Amino acid sequence: MLEKLIAEEAITPNGFTHINNPEAEVIALSPKTLMATNRFLCEICGKGFQRDQNLQLHRRGHNLPWKLKQRTTKEVRKRVYVCPEKSCVHNHPSRALGDLTGIKKHFCRKHGEKKWKCAKCSKCYAVQSDWKAHSKTCGTREYKCDCGTIFSRRDSFITHRAFCDALAEETARVTAASHFNNVTPAAVGNVNYHFVGPPVLAGPTMAQHFSSIFKPISANRPENHLDSTRQGALSLWTSTDNNNDNNDHDNLQDMHQLDPVLYADPHQNHPPPSHYQSNWGVFGVKTTSDHEVNVSAPSLFSTQNESHQTHPTSSMSATALLQKAAQMGSTSSATTNHSSFLGSFGLKANSNITTATATLVQNENKFCGLYGANPMMNGVLGNDLENEFSSLEQLQMYPPSKRRHIQIDQEHHSGNNGGQTRDFLGVGIQPICHPRMRFDHV
Amino acid sequence: MDHHQQYFSPPPHHHDSVSANTWPSVLLMEAAHAVAEKNHHRLKHLMWLLNELSSPYGDTNQKLSAYFLQSLFTCIMDSGDRCYQILSSAADKMLSFESTRNMELKFQEVSPWTTFGHVACNGAIMEAFNGKTKLHIIDVSTTYCTQWPTFMDAIATGTDQTPHLRLTTVIAAKFCGAGVQKVMREISHRMEKFARLMGVPFKLNVLHHSGDLSELNMKRLDIQDDEALAINLNGTFRSVCSHRRDHLLSMFHGLNPNILTIVEEEADLNMGSFNGFEFLKGFQECLRWFRVYFEALDESFPTTSSQRLMLERSAGRAVMNLVACSPEESVERRETAAKWSSRLHACGFSPVRCRDEVSDDVVALLRRYREGWSTNTAETVAGIFLRWKETPVVWASAWKPI
């Protein structure tokens, strides 16, 4: 059956061979056949299977004589598959993929309809396994800005980043360190993103993680560094989903080739790695996972940090970072759950409040003048008002907190009527003009 | 004293949000009645009473009472226009990049009030710009360009080749203060840097226009024929003088945009002058609306928050503007979605349906905030609503010229 399928639909052009395996048989399946779920048919009962292995397992159950148990085909040649989509690079036999499942996934991802949607963030995927993988990590990712603030939401991270003071400083440093050759400011800026994923990262996942970050800034690809920069911006911003298709295995190779020195200023010396281990501790972002990681990883992490600080003013920035971390620690303990944002502005949060209060005082004093302006109504109501006041109290109109407030003002009224600002009703108007921040009412 | 007793009978003890029965609403409506009936004696009583109970630093009731009392007083003193101008220029002097940024971003962190409109409109604009390589967005909004970083992210990552983006931000205000100009300069720098970081070819032009938005010279927008055009009006259409709104829409129609997005707050505040019956109706709606807003703020922010205070004082100025300023000078006259829609239809626009992906994005957005927020599409009018505890508060919709 399988041979029949191939005979009907395969085009094996002469003269074209797969790049890695010249002997490989190039198979071009139609989209329909590619996506067919039961390509492998049992010749005995006609049952269909998704994979050849499953078919073979099934055939064993038919208790075939020994001879027929073997594969009936000729010697098995390595098969490679091309993408049915004509405009795709993988349509060409030299770019065929060796794995049937792989070409299926590729076809779906690139040319297929995105039927699977994440419930949390409504991101869509064409391949179910991609969607599953994403759902596991969605929402668990953390985005860390240079200023030290951590976000669980990408959109708030981005909006924060655009207006963050760390951005303003960083680009100033970038232009100062302009001896980066052949690297656009955008690329350099990308380096400084700390992509802090879930704490446990091991083996190949880690490799993919890093490769997607490191890919754009590779000095090994000078020819289209701009494109890779943008792509790098892409892969930095997107999560490390498996749907970063077949670039992944390329990246793994790249990563091993990469020299950790790559991101550092070529003219700068490397501070000892232990310095950076402690840095992580101060930030408190990465906990013990440094030890769980590949041997190569700590140095890769540290180069990331390194590049953040490698330029003439690096001695100051390390201190500044430590200070910020200390601030972040102190403010986060003092503020509420929602103040991780405020924490990024460190001590400024408190000073903002006092500045706001001070200006409020100024403004309210200004407005007292408005109320005091009208001479017409001064002292008109005098006695009547005091009578009103006692009856009002009795009526218990106010919530309990008000009563206390009224009591206090009553004292003021009887005691110091002469000294107070008079309003148009002839009564002191403290409640609006008074500069006291009455948080006890809240 | 008898009629006073009768007058001051205690309102029912309601602590829920049935707003009409709360003591500020009762007292303030009584005061408004007294104003309309020119009953000075009673008015004085009420205002004295409200004065005693008010505080801009207290609970929602006390705050509402404070701002409304101040506005009512200014109204009867007939000094609304001047007072509003003083308040606005004082606020402008206090403006700084840090305080503005902190206020906007904190607000967006704790409440979807503004992010709702951003997500909905960005989704619609992205769709309209699909496949285009040169984009021009005319941005007339009150959110200091905080809508655009996520948009830039979307075009940088969602398309194979990042298109060129030109952004023209229009700040139209009766009194174009130096403070806002300074803030916008800093914002420009940040946006340009960020665009470079994102790898988006970007140009930002900030236009300051003093006067009514409908009097803006369209030539200043520098429309280019080879660019796809989007016009984004976020919270600014209400600032246009009531009888000039249709004219402005016609002018926008003339620019032939690919899409026009509009975000407005759902309230019926386009009331008449303060002598008529319309004043009472408008005043009541004003009370209702700002109560919703203050309550939403109160439940979104932590107890003591300087950012919330800034937002409340800005709302207080809006109340002043609505209650005390002449209709020609008023810049806060919100209309309902139904009214905006009929204007848009009349001016040659037809609604663009909100895509499922966009409404999913909005639902995902709301999931990240506290309880109480929801979204829905209305059967009778285009666009989608943000609702706070079942009350529609913000409306977002997209239109294209036919």
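Residues numbered from 1 in each chain as written. Chains lettered and ligands numbered in written order. Predicted model: local features only at pLDDT ≥ 70, side-chain atom pairs only at ≥ 80, totals over all residues. Heavy atoms only, no water.

All names here are of chain B. As a packed pair, helix 6 (residues 97–110) and helix 9 (residues 178–198) sit with axes 9 Å apart at the nearest point and diverge in direction by 70°. Between helix 6 and helix 9, the interaxial angle falls into the category roughly perpendicular. As helix 6 packs across helix 9, the resulting crossing turns out to be right-handed. Between helix 6 and helix 9, the residues in contact are F97, T100 and R101 and V183, E186, I187 and R190, respectively. (Axes fitted to C-alpha atoms, helices over the stretch in contact; angles between N-to-C directions. Helix = DSSP H or I, 4+ residues; strand = E, 2+ residues; numbered from the N terminus. Parallel < 35°, antiparallel > 145°, perpendicular 65-115°, else oblique. Left-handed = near helix turned anticlockwise from the far one by under 90°. Contact = heavy atoms within 4.5 Å.)

On to a negative patch on the surface, then. Residues and elements named next belong to chain B. Together, D78, D81, E328 and E329 line one region of the surface with negative charge. Tracing the chain through its elements places E329 in the loop between helix 12 (306–324) and helix 13 (337–346). The class for E329 is partly exposed, based on a relative accessible area of 34%. (Patch = residues over 30% accessible without salt bridge, like charges linked within 9 Å, V, L, I, M, F, W, Y side chains within 5 Å. Areas by Shrake-Rupley, 256 points an atom, 1.4 Å probe, with all protein chains shown as cover. Salt bridge = Lys/Arg side-chain N within 4 Å of Asp/Glu carboxyl O. Lys, Arg positive; Asp, Glu negative; His and termini not counted. Charge placed at Lys NZ, Arg CZ, Asp CG, Glu CD. Buried < 20%, exposed > 50% of the residue type's maximum accessible area, 1.4 Å probe, protein only.)

Right, let's talk about the state of the cysteines for a bit. By definition, a disulfide links the sulfur atoms of two cysteine residues through a covalent bond. According to the stated counting rule, one finds 0 disulfides over all chains in the structure shown. With no disulfide partner, A:C145 has as its closest neighbouring cysteine sulfur the one in A:C147, 3.6 Å distant. With no disulfide of its own, B:C121 lies 9.7 Å from the sulfur of B:C354, the closest cysteine sulfur. Take B:C121: its relative accessible area is 1%, and that puts it in the buried class. (Disulfide = S-S within 2.5 Å.)

Attention now goes to the pattern of salt bridges. Residue and element names in this part refer to chain B. One pass over the structure, following the stated rule, counts 34 salt bridges over all chains. Notably, a salt bridge pairs E30 with R42, separated by 2.8 Å at the nearest N-O pair. With a gap of 12 residues between them, E30 in helix 2 (residues 23–36) and R42 in helix 3 (residues 40–53) connect regions that are remote in the sequence. Judged by relative accessible area, which is 24%, R42 ranks as partly exposed. Measuring nitrogen to oxygen at the nearest pair gives 2.6 Å for the salt bridge that ties R343 to E335. Accessibility expressed as a relative area gives 16% for R343, which makes it buried. On the basis of relative accessibility, which here comes to 2%, the residue E335 falls in the buried class. Here the salt bridges do not stand alone but share partners, grouping R238, E264, E265, E332 and R334 into one network.

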